[in-house]
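Examining the three-dimensional arrangement
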Amino acid sequence: MDKKRRNFLIGTSAVAASASIVGYKKTLKQAVTMSTDGEKAKDPIYGNSYKPEYSYVNDQFVPNDDFKICPTTCIGCVTQCGVRVKIDKKTDKVLRVFGNPYNLLSSDPWLPYNTSIKESYEILSQNGKFEKYRSNVCARGNAVFDKIDDKFRVLKPLKRVGKRGENKWKEIEIEQLIDEIVNGGNLFGEGHVKGLKDVRDIKTPINPDEPVFGPKSNGLCFIGTTHEGRFKVVVNRFLKSFGTCNWAGHGATCGLSMRAGEAAYLGNFKKYPHLKPDFENTEYLLSIGTPPGQAGNPFKRQGKLLARARSEGNIDYTIVSPMQGNSDMISAGSRSHWIPIKPGTDLAFVMGVLQIIINNKMYNKKYLSMPSAKAMKALNDVSWTNAAHLIIQDKDGFGKILKDGKIPLVLDATDNTLKSSNDVIQAVLDFKGSVEYKGKTYSVRTSFNELKENVNELSLQEYSKECGVSIETMQEVAKKLVTHGRKASVDCHGGTMHTTGFYTAYAVMLLGAMVGSLNYKGGMSAGGGAYKDFIGKKYNLFAYKGKPNIKATRIDRARMSYEKTNEYKNKLAKGENPYPAKGNWFPFTSQLSHHILNNSAEGYPYKLDVLITNSSDFLYGTSGSESKMKELLADPKKSIPLFIAVDPFINDTSKYADYIVPDSVLYETWGIVHVWNGYLTKCNTLRFPVVKPKQATFKNGEPIEMISFMIALGKKLKLPGFGEKAIKGNDGNWYPLNKAEDIYLRAFENIAMDGTPVPDATDEDIKLSGIEDYVPSLKRICGKNWRKTAYVMARGGRYEDVEDSYKGEFLAHQYKKPVQIYNETVGTTRNSLTGERYSGTIKFFKQRQVGGKTYDEIYPKDKYPLTAFSFKSNVLATPDANSNNLAEIRFTTYIDLNPKTAKEFGLNLGDLVEVASEYGKVKGYLRYRNGVMPGCIGVEHGLGRDASGAENIVINGKTIKAIIRRKSGVDINKIGLLDPTAGMQTASDFVCGSNARHAIPVKIKKVKGV
């Protein structure tokens, strides 16, 4: 430990000790003497703490039969760690949450999978082994279980009795709710509303002039939240059976720009993979806008591994962000570096670093010159790029890669002749000129040459001025990256959610290409994958008789090219310029939830009839929703005629619903989740009800929740794939789908049987994991494999052992597709509004509207002198507004300003201030924060609610009073921007359409108020 860090720790300990004595003398005295001012503690040693889960009597392990300890998944945030929950058997109450020692998101290293449940408890109570396998949860994970009993929880189906958004409801029976939404009618005295049975027309075109848009059944749209284990079932069992292509999650407002940019880099717009550092062994980490342990995903695992690496390992890391996050601190000494940067200018910084690396030839030339998988194998490498592939520059075929059939052509570096890439070990990397192929001359350039030219469009001085980072700092970062080479890693995530985020994420990943760290130990990983669950050895749970094969266009205009529409073709036939289209299209974007309302209101590509959401709060989560989206949702005639929310709480979005279907919370639900990334081995985490759901039930006793509701709705509509003989086993037999367990226990069985099947669970395993109640269902559904299925349930999932992470200096699970220095799909696509061709490799752009005007032009500094950004909370999260426990940890949020900037505007700590953009205003209390870039405003995301208990709710004429704290704090999304050049959509990334919630030009002033 260096001297600076040691002195810091000693100093802080002394300060903490003296502060605690001075401020809490009375408390300290009481603690020492066990005296009390109120009710006496239950125990003189343990106070009012709960009794232990187990104990040792005569060296024998003895479980406490008052409790059961069950494995499940936390949904306190999108990381979804594996946990164990302590449940009081008498009250069925969750008392405490632990980490699951088998789960790699909660432990590192994690327990060998063949460890018995009893041994897992014994190991965690032994010195030496406890320290090694210690499993924990974050502050959020051990607090949010109180949501289960929140007074604002919806327990019975609700129907609105006032106008949308008034929060006036009446309880109805679930059978009535289903009947009304299926059959439609004059449901609210506001005119006829079309029901689902009339919407499900899989033959009639929804727009006769545009057959490519698909059938009328696309009038149904579903918006979920994070992939918390049920989304795939809803999509593949209900939505596809209904005949709609319209579904979306939360990605467009969370990290889509990162996912899209990395999908371009990895050449896979179908599966949208992304990369994360190998934190265990990386020697240099460059993190852009994503401080590990505070942001990114999995944040808890990243934080733990980073803490270990900087205390025990050999890591040097740099965080580039407008705000100093929790990852950078004095205690880390010289290993930790924070580079303050202007919000939304990360692209300029990365372009500068790339320019230094490329112009000084600091890149790994041998790696970049490998043009094929054959060359990679010949050189004993584990990834390769298309850096030497030739891009056609002629008008005919511009942007396409020159190929012989499907095989790219390259110039062989040994003789400078044109050959198949499969026949070349080292190709010419930097070339621009002409080549001849089959008697035709082509003007071409290599992917690397285009990258080099693009990064040199601006000088280093210009890049430095744009981002506020010195040239010397850029040079230092470049040097560290290439020095550590294949043990260097880069990362980004939600910090790229601005109008140029796509190219920013792409650029960050290209830093990794310069050193070739993909698939290397200490480098970059695409994740460890998962065991086969819904489609596996025993069942294909997404295949069923009568499943429609619908080819259609999504309501958000994602995954669809404008050039395939009749709108485009008709303009060409008339000799007109086909651009602009009526609206923007996004052929390589996965989904855009924040475009759905606007597109439906405009009827382009068509209008929706019904929207169903599941725990989705897209109004709260979307920057700019305040200006227009609320208006569209509030009026049934403008955008969504029928809105059904499946939600355990009435949030900022579901308060505008027509009906609310109660849903399960946390540990009451079924699910299978895969780790987002940041892991190296196979992992499936399971969730099944470990406490009895509190909400009302169907007549068959099933609690009303998302899956049971979809099953009941499917059966009512007589959709294929529901009821008896709905599930076909790979043995040829048919099985029913009447309950959630019918599909999930079979998916668990698939996991258990994948590859080498797991062992059988013992009776002791079953008892100690609290799954005894599932034995009858396991026997009924899984037959002879019931104990193997119980084995994965008892451990909360299936996890590959930590020893399987590496093969020598390489990762065991490797990404196989080539890295795209130039992405042909992007480079041959045009913006459907402007007609401009996207750059197939990175290119510098300032923050801008889709139409091309920059924010500098639209929002001048004399009017909007500051730039606002949001930052991820390490405590608060969007789904956790209904946790009172969290208020004990983080009561409210503020408007954070550097003291220097505050002084410039005549503002002081604690002032009530108003921050305003062109499209909205928010008020909040000013907090000084030296770790905020001068000239910027930072806001922690998570509070400032308009629902979830922040307002009164009237049910059956009775008022449930609001909790003021939930309305406190600041919601920065209320000052989000709109884009007039894109039909007044919320401001978005001009390439992939993701919601732009950073780099907002604003002004600030002090205001009066309480």
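Bear in mind that the values here come from a model prediction, so they are computed numbers and not experimental data.

Calculation rules
- Residues numbered from 1 in each chain as written.
- Predicted model: local features only at pLDDT ≥ 70, side-chain atom pairs only at ≥ 80, totals over all residues.
- Heavy atoms only, no water.
- Helix = DSSP H or I, 4+ residues; strand = E, 2+ residues; numbered from the N terminus.
- Rg over C-alpha atoms; globule rule 2.2 N^0.38 Å.
- Buried < 20%, exposed > 50% of the residue type's maximum accessible area, 1.4 Å probe, protein only.
- Contact = heavy atoms within 4.5 Å.
- Lys, Arg positive; Asp, Glu negative; His and termini not counted.
- Charge placed at Lys NZ, Arg CZ, Asp CG, Glu CD.
- Patch = residues over 30% accessible without salt bridge, like charges linked within 9 Å, V, L, I, M, F, W, Y side chains within 5 Å.
- Areas by Shrake-Rupley, 256 points an atom, 1.4 Å probe, with all protein chains shown as cover.
- Salt bridge = Lys/Arg side-chain N within 4 Å of Asp/Glu carboxyl O.
- Pairing = 2+ DSSP bridges.
- Axes fitted to C-alpha atoms, helices over the stretch in contact; angles between N-to-C directions.
- pLDDT = per-residue confidence, 0-100.
- Core = buried A, V, L, I, M, F, W, Y, C linked by side-chain atoms within 4.5 Å.
- Arc of directions from axis to C-beta.
- Phe/Tyr/Trp six-rings, centres within 6.5 Å; stacked < 30°, edge-to-face > 60°.
- 1 Å grid on protein atoms, 1.4 Å probe; cavity = no way out; pocket = protein on both sides within 12 Å on 5 of 7 lines; lining within 4 Å.
- Points joined across faces, edges and corners; volume = space filled by probe spheres on them.
- Parallel < 35°, antiparallel > 145°, perpendicular 65-115°, else oblique.
- Left-handed = near helix turned anticlockwise from the far one by under 90°.
- Nonpolar A, V, L, I, M, F, W, Y, C, P; charged D, E, K, R; others polar.

**Regarding the overall build of the protein chain**
- The helix and strand tally for the protein chain stands at 30 helices and 41 strands.
- Relative to its length of 1010 residues, the protein chain is compact, with a C-alpha radius of gyration of 29 Å against a globular reference of 30 Å.
- Principal axes of the C-alpha set define a box for the protein chain whose edges measure 85 × 75 × 70 Å.
- The burial tally for the protein chain puts 61% of its 1010 residues in the buried class.
- Long-range pairs, those at least 24 residues apart, make up 71% of the contacts in the protein chain with a sequence separation of at least 6.
- The protein chain carries 144 positive and 107 negative side-chain charges, and their two centres are separated by 1 Å.

**Quick notes on a positive patch on the surface**
- On the surface, a cluster of positive charge is made up of K374, K377, K807 and K816.
- If you trace the backbone, K816 turns up in the loop between β31 (810-811) and α27 (824-827).

**Some thoughts on the sheet that holds strand β36 (residues 936-940)**
- Strand order in the closed barrel formed by six strands is β32-β36-β33-β35-β34-β41, with mixed pairing between adjacent strands. Strand-to-strand twist in this sheet, taken as the mean axis angle between neighbours without regard to direction, amounts to 45 degrees.
- Examined bridge by bridge, strand β33 (residues 895-897) and β36 share two bridges and lie antiparallel to one another. Paired with L897 across the strands is I937, a residue of β36.

**A short note on the confidence of the model for the protein chain**
- On average, residues of the protein chain score 92 in pLDDT, and 95% of them are at 70 or above.
- Counting contacts from residues 1-36, a segment whose pLDDT is below 50, to residues more than four positions away or on other chains yields 19 contacts.

**Examining the nonpolar core**
- Within the largest apolar cluster, 116 residues are counted, with the highest numbers of intra-cluster contacts made by I181, F238, Y667, F709, L713, Y744 and F748.
- The element contributing the most residues to this core is helix α23 (residues 740-753), with eight residues.
- Beyond its immediate stretch of four places on either side in the chain, L713 contacts I178, I181, V182, L196, F238 and I612.
- Core analysis: the next-biggest nonpolar cluster, separate from the first, contains 81 residues, M351, L354, A505 and F990 among them.

**Quick word on the sheet that holds strand β14 (residues 390-392)**
- Strand order in the open sheet made by the three strands is β14-β19-β18, with antiparallel pairing throughout. Unpaired on one side and paired on the other, β14 and β18 (432-437) mark the two borders of the sheet. Taking the axes of each pair of neighbouring strands and ignoring which way they run, one obtains an average angle of 50 degrees across the sheet.
- One ladder, built from six bridges, connects β18 with strand β19 (residues 440-446); its direction is antiparallel. Paired with V435 across the strands is Y442, a residue of β19.

**What to know about the pattern of salt bridges**
- For the structure shown, the criterion picks out 56 salt bridges.
- Notably, a salt bridge pairs R301 with E280, separated by 2.6 Å at the nearest N-O pair. Here E280 lies in the loop between β10 (276-277) and β11 (284-288) and R301 lies in helix α10 (residues 299-312), a separation of 21 residues in the sequence.
- Taking the relative accessible area as the measure of exposure, R301 reaches 4% and is therefore buried.
- Using a relative accessible area of 30% as the deciding quantity, one classes E280 as partly exposed.
- Two residues, E951 and K967, come together in a salt bridge whose shortest N-O distance is 3.8 Å.

**Examining helix α18 (residues 566-573)**
- Residues of α18 that are buried include every one of E567, Y568 and K571, and no others. Axial view of α18: buried residues confined to an arc of 100 degrees, hence all on one face.
- Immediately beyond the C-terminal end of α18, within one or two residues, lies G575, with a positive phi of roughly 75 degrees.

**Let's talk about the packing of aromatic side chains**
- Applying the stated rule across the entire model yields 40 aromatic pairs.
- Ring plane angle 65 degrees and centroid distance 6.3 Å describe the contact between F688 and F748, whose orientation is recorded as edge-to-face. Placement of F688 in the loop between β26 (683-687) and α22 (706-716) and of F748 in helix α23 is noted, with a sequence separation of 60 residues between them.
- Grouping aromatic residues by their ring pairs yields a cluster made of F269, Y272, F502, Y503, Y506, F588, Y838, F845 and F990.

**A short note on empty space enclosed by the protein**
- Evaluated as defined, the whole model comprises nine cavities of 30 Å³ or more.
- Counted as a void, the largest cavity has a volume near 100 Å³.
- What lines the largest cavity is C74, G76, C77, Q80, C81, V83, V137, C138, R140, G141, F299 and K300.

**Observations regarding the pairing of strand β27 (residues 723-728)**
- Bridging between β27 and strand β28 (residues 734-737) involves three bridges; their strand directions are antiparallel. Within β28, the position partnered with I727 by the bridge is Y735.
- Hairpin connection of β27 to β28: five residues between the antiparallel strands, including G732 at a positive phi of 95 degrees.

**Thoughts on the packing of helix α5 (residues 174-183) against α22**
- Relative to each other, α5 and α22 sit at 55 degrees, their axes nearing to 11 Å. In terms of orientation, α5 and α22 fall into the oblique class. Remark: the crossing between α5 and α22 carries right-handed chirality. Of α22, the residues touching α5 (which contributes I174, L177, I178, D179, I181 and V182) are F709, A712, L713 and K716.
- The residue inventory of the contact of α5 with α22, partitioned by class, reads eight nonpolar, no polar and two charged.

**Looking at the packing of helix α11 (residues 346-359) against helix α17 (residues 501-515)**
- Where α11 meets α17, the closest approach of the two axes is 9 Å, and the angle between their N-to-C directions is 25 degrees. Here α11 is positioned roughly parallel relative to α17, judged by the angle of their axes. In terms of crossing hand, the pair formed by α11 and α17 is left-handed. Residues D346, L347, V350, V353, L354, I357 and I358 of α11 touch α17, and the partners they reach there are Y503, T504, A507, V508, L510, L511 and M514.

**So, unusual backbone geometry**
- A cis amide bond links Y579 to the next residue, P580, at an omega of 5 degrees.
- A cis amide bond links Y604 to the next residue, P605, at an omega of 15 degrees.
- Topologically, P605 is positioned in the loop between α19 (596-602) and β22 (610-614).
- In this structure, L666 takes a positive phi of about 45 degrees despite not being glycine.
- Inspection of the secondary structure puts L666 in the loop between β24 (659-661) and β25 (671-673).
- Residue class for L666 comes out buried when judged on its relative accessible area of 3%.
- The backbone phi angle of K718 is positive, close to 55 degrees, even though this residue is not glycine.
- Relative to the helices and strands, K718 resides in the loop between α22 and β27.

**Observations concerning the side chain of D146**
- If you trace the backbone, D146 turns up in the loop between α4 (129-133) and β6 (158-160).
- Among buried charged residues, D146 stands out as having no salt bridge; its nearest opposite-charge side chain is R966, 6.4 Å away.
- Beyond its immediate stretch of four places on either side in the chain, D146 contacts S883, N884 and N885.

**Topic: the pairing of strand β35 (residues 921-928)**
- Relative to β35, β33 runs parallel, the two sharing three bridges. Note that in β35 the partner of I895 across the bridge is L926.
- Here strand β34 (residues 912-916) pairs with β35 via five bridges, running antiparallel. Opposite E914, over in β35, you have K923 as the bridge partner.
- Joining the antiparallel neighbours β34 and β35 is a turn of four residues.

**Details of the environment of N908**
- In this fold, N908 is placed in the loop between α29 (899-904) and β34.
- On the accessibility criterion, N908 (44% relative accessible area) is partly exposed.
- Separated by 17 residues in the primary sequence, N908 and Y925 have C-alpha atoms spaced 9.8 Å apart.
- Those residues in contact with N908 that sit more than four places away from it in its chain are L926 and Y928.

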